[in-house]
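Observations on chain architecture
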Amino acid sequence: TASGRLGELEENLFEQHILTDADWSAFKKHFEKAYPGYLQRLRKVYPSLTEAEERLFLIIKLNLTTKEIAAMLGISADSVKKTRHRLRKKLVLDEKVVLEEFIRRF
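So, here is what we can say about the structure in this document. In this text the structure is predicted, and so the values were computed from the model without any measurement. Note that residues are indexed from 1 along each chain, following the sequence as it is written. Selection of residues for local features in this predicted model requires a pLDDT of at least 70, selection of side-chain atom pairs for listing and counting requires 80 or more, and totals for whole chains, interfaces and linings are taken over all residues. Computation of side-chain values: all heavy atoms of the structure, hydrogens and water removed.

Now for the overall build of the chain. Regarding its fold elements, the chain presents 7 helices and 0 strands. For the purposes of this entry, the term helix denotes a DSSP run of H or I that reaches at least four residues, the term strand denotes a run of E that reaches at least two, and both are numbered from the N terminus. The order of helices and strands in the chain, counted from the N terminus, is α-α-α-α-α-α-α. The cut-offs for exposure are 20% and 50% of the maximum accessible area for each residue type, with area from a 1.4 Å probe on protein chains only; residues under the lower value are buried, those over the upper are exposed, and the others partly exposed. Residue burial in the chain is summarised as follows: out of 106 residues, 37% are buried. Considering only intrachain contacts with a sequence separation of at least 6, the fraction spanning at least 24 residues in the chain is 54%. Carbon and sulfur atoms form 53% of the exposed surface of the chain, whose accessible area is close to 6600 Å². Contacts: residue pairs with any heavy atoms within 4.5 Å of one another. For every accessible area listed, the method is Shrake-Rupley and the probe measures 1.4 Å; residues are considered covered only by the protein chains on display.

Next up on the list: the pattern of salt bridges. Where charged atoms from two side chains of opposite charge come close, those side chains can pair. The salt bridge definition used is simple: a Lys or Arg side-chain nitrogen within 4 Å of an Asp or Glu carboxyl oxygen. Scanning the entire structure with this criterion turns up 5 salt bridges. For Glu53, the salt bridge goes to Lys90, with nearest N and O atoms at 2.9 Å. With Glu53 in helix H4 (residues 51-61) and Lys90 in helix H6 (residues 77-91), this pair connects stretches of sequence that are 37 residues apart. Given the relative accessible area of 31%, Lys90 is considered partly exposed. In this structure, Glu101 engages Arg105 in a salt bridge whose closest nitrogen and oxygen atoms are separated by 3.9 Å. Here the residue Glu101 and the residue Arg105 both occupy positions in helix H7 (residues 99-105), the gap between them amounting to 4 residues, near one helical turn.

So this is what it looks like as structure tokens:
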């Protein structure tokens, strides 16, 4: 089924570690299969995002915790929080808007 396939694709995404450019390319490929056109839409709406901010945006879409994101990227939880803060600023989100909810709805 389609939903079973999406679940399988998401599982592949969760198991990834993004430590190199090749890892990032593989992740984007899996992500694009699970969410066709999402990355192009993100780049069209927010062309000024850095690669790190784009990466965090996509990973937050997967609903991972800060710890899980840090492990996936091989960085500290504090680094994830800093990037998340920069991402919020760049998206010009009102302080009442929850970043994770915004990204899930995007």
